[in-house]
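Spelled out, the chains give:
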There are 2 protein chains.
Amino acid sequence: MKVVLPDGKIPRKWYNILPDLPEPLAPPLDPETDEPINPEKLKRIFAEELVKQEMSQERYIEIPKKVREMYSKIGRPTPLFRATNLEKILDTPAGIYFKYEGATVTGSHKINTALAQAYYAKKQGIERLVTETGAGQWGTALSLAGALMGLKVRVYMARASYYQKPYRKTLMRVYGAEIFPSPSENTEIGRKFLKENPDHPGSLGIAISEAIEDVLKNEKARYSLGSVLNHVLMHQTVIGLEAKEQMKEFEEPDVIIGCVGGGSNFAGLAYPFVKDVLDGKTDHEFIAVEPRAAPSMTRGVYTYDYGDSGRLTPKMKMHTLGHTYYVPPIHAGGLRYHGLAPTLSILLNHGIVKPIAYHQTEVFEAAVLFAKAEGIVPAPESAHAVKAAIDKALEAKKEGKEIVILFNLSGHGLLDLKGYEDFLDGKLEDYEPEEFPILSAKS
Amino acid sequence: MKVVLPDGKIPRKWYNILPDLPEPLAPPLDPETDEPINPEKLKRIFAEELVKQEMSQERYIEIPKKVREMYSKIGRPTPLFRATNLEKILDTPAGIYFKYEGATVTGSHKINTALAQAYYAKKQGIERLVTETGAGQWGTALSLAGALMGLKVRVYMARASYYQKPYRKTLMRVYGAEIFPSPSENTEIGRKFLKENPDHPGSLGIAISEAIEDVLKNEKARYSLGSVLNHVLMHQTVIGLEAKEQMKEFEEPDVIIGCVGGGSNFAGLAYPFVKDVLDGKTDHEFIAVEPRAAPSMTRGVYTYDYGDSGRLTPKMKMHTLGHTYYVPPIHAGGLRYHGLAPTLSILLNHGIVKPIAYHQTEVFEAAVLFAKAEGIVPAPESAHAVKAAIDKALEAKKEGKEIVILFNLSGHGLLDLKGYEDFLDGKLEDYEPEEFPILSAKS
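Residues numbered from 1 in each chain as written. Chains lettered and ligands numbered in written order. Predicted model: local features only at pLDDT ≥ 70, side-chain atom pairs only at ≥ 80, totals over all residues. Heavy atoms only, no water.

1. Some points on the side chain of threonine 237 of chain A
Residues and elements named next belong to chain A.
Working step 1: Tracing the backbone through its elements, the reader meets threonine 237 in the loop between helix H11 (230–235) and helix H12 (238–247).
Working step 2: According to the relative accessible area criterion, threonine 237 is buried, its value standing at 0%.
Working step 3: If we ignore the near neighbours within four places in the chain, the residues touching threonine 237 are Trp14, Tyr15, Ala267, Gly268, Tyr271 and Pro272. (Helix = DSSP H or I, 4+ residues; strand = E, 2+ residues; numbered from the N terminus. Buried < 20%, exposed > 50% of the residue type's maximum accessible area, 1.4 Å probe, protein only. Contact = heavy atoms within 4.5 Å.)

So this is what it looks like as structure tokens:
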């Protein structure tokens, strides 16, 4: 059972949560001066229109026609399914629904913002977008967006993934992108890390630094980020806006669940529903799920921190484990990030969103149960949301409550089968660090 | 630009071409006696209802409710896209449309018959389905169908693929199937081939023999085939029936294209349109595309031959290269078959369907062009249809004709990226044998 929508129902506007937040966002700080950053400086890094969106107090921002056309091409609106078999297997009175972003042609929600970012850069006359990627979902999405909008794309890919996950790299090459293993010889920061350790496995934080350095050296290049920032989360709200329309065919959701790395897929589904709660119109429970190996929500500190290891990004006020934290190599590469979107950090602080953390073994166990019941093999990231949805449905069973659960299945796992293989072979390791750089720095 | 259909538009009946064929089908022969086979004997191999369907003269056969429910779960109806960017890049007056079977959760059309076969087996009280798989698309589909219908599944996978394509194997394991590398120690035939060559790479033909031998030893097991047979092709007609409905939003197609291994995805899209031509209602051109490494249509002989290497299947009258032909290791594993569906063989003989053959390098070149334009990375099999569609669109450009092209994008290539990597690295080899076993046997 599912609800599909025609092209005509692709949302016409993104929802911007900034004007509705329970408190104003703390300003990003210039990494050189620790003063609120001058937007002009940000325009050297990001496309102009994105800098405007980042600060905008407009509640709804129009989606350009060309972006909507490409949303159609890549598979939007995505379907919303009811997990009828899973409900039967769990023998739960709960209704379990999921929005399936894996139905896009690159297999995850990342393409939603990639297309918007590429569109605005092209419009401004930018020739190349530069970015980083961990597991490769974001790099893949931006590579395709570049191909569709007519822009060159350069990707710094964490060195360990570059060599261990050759197929995401191949996918980016098919779309015509240029890919460097990070740390690379291309940048000063890359060379510094390579000098310390020629076999450096790389990290998202280092790759971000390299991408920004690359951009600062090239007038016609701009940087693209796949999560964390307001404009990125805003572009993702097409997920929730569609889901609201689709849930009308069923019921009002009681619980809304998404996994969290930087926060963009969670926000994409949840923010349009959060608005109704902030407006006092209705009540929803929001659950944000993170890995215990990168627990910025459950164990991080709310403070100003850099977004990257090389300290090139503005400092943002957010939940963070410290920008020098090396996240252990869990299979959910998209969740291996030390920080958290500032807007989501505020919603956490106000108790509007509740965090929960899982180990990867229990997450894969839930994912396999889900795959056998519903046919879709979840991405390891999205599997965190699956696990929380199952736990919630079992809780409802215990309490005999007919609740309605909606979660974001933000991507499929067809390019992440190594994780499943390790799980089936009993080879998965769980990681839970005892301490984090941000805590040591404080003490 | 695309057309989606709601669950309610999932077809209620399959279209069976048998009563409409321009000549009756030659009967399958008993491999032991060379006499027309007794259907009772077939019931020991296949589920009863499938044997009935195989011979049925009913033009439309009802799709069971449970199968339609599962069609919804796995992503049916699939979307039909217009390839607007590809049209622009080719600067062609042709309209290019494609039916996207890669949108199903296992990523190809194979699930359409897998669900039907599993349903009828379960209804009959069968406990296990046994099958073979080459590249793994069929094995994956049957594994999921087993999970959804509550049946055990055992898959014999060509040994070379088993070791070189571990991720399809992982996917089948996620769905709970049991997988053996073929030739295996499990069967007499497997042991015979292993004795000749302990490193035997295996083949589809050998794996079929092993699966059938396995079934014959187990009363509660039945065999499942993923192509060639009438009932399999008939289950695939949901593709064309949906596409006819979807094309109403656009135009009547002039040319209909599909790739061909055994013939099931081609038939799935084309047969509902072939019916209109056989009825004299309209005119369509049908193009069936095969690899030059397995050219059963363009270089095979129309004669009785076995479906497998071990000579356990009934003999069928079809275009064949000879059941002992070892198809060179092209990346389009699903097209590595020596024979051709008997019904499609008849349509070829009558000039209703035209065959064409391509080398894999030109096919991957077309696939990369398509991926950059439309975002979808085609399976190497489906890329054969992409190549033919592009050629046809360029021909229309030369002739200044506004023709309408419809092709079947039968699967995505996210689990076939090795082929793309080899192509991008200039490492692909093309194969075109000078002769074939069937010709040597004749001479």
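Moving on from the model shown.
2. Considerations on helix H8 (residues 166–174) of chain B
Along an α-helix, residues three or four positions apart point the same way, because every turn accommodates 3.6 residues.
Working step 1: Among all positions in H8 of chain B, only Arg168, Lys169, Thr170, Leu171, Met172 and Val174 of chain B are buried.
Working step 2: Phi for glycine 176 of chain B, located one or two positions after H8 of chain B, is positive at around 90 degrees.

3. Here we look at the environment of leucine 409 of chain B
Residue and element names in this part refer to chain B.
Working step 1: The residue leucine 409 is located in strand E15 (residues 404–409) in this model.
Working step 2: On the basis of relative accessibility, which here comes to 0%, the residue leucine 409 falls in the buried class.
Working step 3: The spatial distance from the C-alpha of leucine 409 to the C-alpha of proline 31 is 35 Å, given a sequence separation of 378 residues.
Working step 4: Beyond its immediate chain neighbours, meaning those up to four positions away, leucine 409 contacts Phe98, Lys99, Tyr100, Glu101, Gly102, Phe370, Ile376, Pro378, Ser382 and Val386.

4. Focus: the packing of helix H2 (residues 48–55) of chain B against helix H5 (residues 111–124) of chain B
All names here are of chain B.
Working step 1: As a packed pair, H2 and H5 sit with axes 8 Å apart at the nearest point and diverge in direction by 130 degrees. One element, H2, and the other, H5, form an angle in the oblique class. Seen from H2, the contacting residues are Glu48, Glu49, Leu50 and Gln53; seen from H5, they are Gln117, Tyr120 and Gln124.
Working step 2: By residue class, the composition of the contact of H2 with H5 is two nonpolar, three polar and two charged. (Axes fitted to C-alpha atoms, helices over the stretch in contact; angles between N-to-C directions. Parallel < 35°, antiparallel > 145°, perpendicular 65-115°, else oblique. Nonpolar A, V, L, I, M, F, W, Y, C, P; charged D, E, K, R; others polar.)

5. Regarding the sheet that holds strand E1 (residues 2–3) of chain B
All names here are of chain B.
Working step 1: Judged by pairing direction, the sheet is mixed, and its seven strands sit side by side in the order E1-E4-E5-E15-E10-E11-E14 without closing on themselves. Where the open sheet ends on each side, the last strands, each with one partner, are E1 and strand E14 (353–358).
Working step 2: Here five bridges tie strand E10 (residues 255–259) to strand E11 (residues 285–291), and the two strands are oriented parallel to one another. Bridging across to E11, glycine 258 finds its partner in alanine 288. (Pairing = 2+ DSSP bridges.)

6. Details of the relation of the copies chain B and chain A
Working step 1: Of the two same-sequence chains, chain B is brought onto chain A (RMSD 0.0 Å, axial shift 0.0 Å) by a rotation of 180 degrees. The superposition of one copy onto the other is thereby described by a two-fold rotation axis. (Least-squares fit on C-alpha atoms with pLDDT ≥ 70 in both.)

7. What to know about the environment of proline 342 of chain B
Residues and elements named next belong to chain B.
Working step 1: As for its placement among the helices and strands, proline 342 is situated in helix H15 (residues 342–349).
Working step 2: The spatial distance from the C-alpha of proline 342 to the C-alpha of aspartate 305 is 11 Å, given a sequence separation of 37 residues.
Working step 3: Setting aside its immediate chain neighbours within four residues, proline 342 contacts Leu25, Val228, Met316 and Lys317.

8. Focus: the interface of chain B and chain A
Working step 1: Opposite the 46 residues of chain B that make contact, chain A presents 46 residues.
Working step 2: Where chain B abuts chain A, roughly 3,900 Å² becomes buried across the two surfaces, and 60% of that area is made up of carbon and sulfur atoms.
Working step 3: Viewed at the interface, chain A and chain B are joined by six salt bridges.
Working step 4: One can count 18 residue pairs in polar contact (both at pLDDT 80 or more) joining chain B with chain A.
Working step 5: Mapped by element, the contributors of at least two residues to the side of chain B that touches chain A are helix H3 (65–73), strand E4 (80–82), helix H4 (84–90), helix H6 (137–149), H8, helix H16 (360–374) and helix H18 (417–424) of chain B.
Working step 6: It is H8 of chain B that provides the largest number of residues to the side of chain B that touches chain A, a total of six residues.
Working step 7: Along the lines of polarity and charge, the residues of the side of chain B that touches chain A split into 27 nonpolar, eight polar and eleven charged. (Buried area = accessible area lost by both parts, 1.4 Å probe. Salt bridge = Lys/Arg side-chain N within 4 Å of Asp/Glu carboxyl O. Polar contact = N/O pair within 3.5 Å; in protein donor to acceptor, adjacent residues only side chain to side chain.)

9. Topic: the pairing of strand E7 (residues 152–158) of chain A
Residue and element names in this part refer to chain A.
Working step 1: The element E7 is extensively covered by neighbouring structure, given that six of its seven residues are classed as buried.
Working step 2: Judged from the six bridges that link them, strand E6 (residues 128–133) and E7 form a sheet pairing that is parallel. Paired with threonine 133 across the two strands is methionine 157, which belongs to E7.
Working step 3: Two strands pair when backbone bridges link them, and E7 and strand E8 (residues 178–182) are joined in this way by five bridges, in the parallel orientation. Among the inter-strand pairings, arginine 154 is bridged to a residue of E8, identified as glutamate 178.

10. Some details on the pattern of salt bridges
Residue and element names in this part refer to chain A.
Working step 1: According to the stated counting rule, one finds 60 salt bridges over all chains in the structure shown.
Working step 2: Here glutamate 69 makes a salt bridge to lysine 65, at a shortest N to O gap of 3.3 Å. Here lysine 65 and glutamate 69 lie together in helix H3 (residues 65–73), a separation of four residues that amounts to about one turn.
Working step 3: Given a relative accessible area of 37%, glutamate 69 falls into the partly exposed group.
Working step 4: For lysine 392, the salt bridge is made with glutamate 285, and the minimal N-O distance between the two is 3.0 Å. With lysine 392 in helix H17 (residues 380–399) and glutamate 285 in strand E11 (residues 285–291), this residue pair connects regions lying 107 residues apart in the sequence.
Working step 5: Counted as one network, the salt bridges with shared partners bring together Arg76, Lys99, Glu101 and Glu242.

11. Here we look at the UniProt feature "modified residue: N6-(pyridoxal phosphate)lysine" (unreviewed entry) in chain A
Residue and element names in this part refer to chain A.
Working step 1: Under the local residue numbering, the UniProt record ascribes the feature "modified residue: N6-(pyridoxal phosphate)lysine" (unreviewed entry) to Lys110.
Working step 2: In this fold, lysine 110 is placed in the loop between strand E5 (95–100) and helix H5 (111–124).
Working step 3: The buried category is assigned to lysine 110, whose relative accessible area is 13%.
Working step 4: Beyond its immediate stretch of four places on either side in the chain, lysine 110 contacts Gln137, Trp138, Ala141, Gly226, Ser227, Gln236 and Ser264. (UniProt positions renumbered as here; feature names shortened; annotations may be inferred.)

12. Quick notes on the sheet that holds E6 of chain A
Residue and element names in this part refer to chain A.
Working step 1: Strand order in the open sheet formed by four strands is E8-E7-E6-E9, and the pairing between neighbours is parallel. Either end of the sheet is taken by a strand with one partner, and the two such strands are E8 and strand E9 (221–223). Here the strands of the sheet are splayed against their neighbours by 25 degrees on average, with no regard to which way each runs.
Working step 2: Strands in contact with helix H10 (residues 204–216) are E6, E7, E8 and E9; relative to E6, the strand with the most contacts, it is inclined by about 165 degrees.

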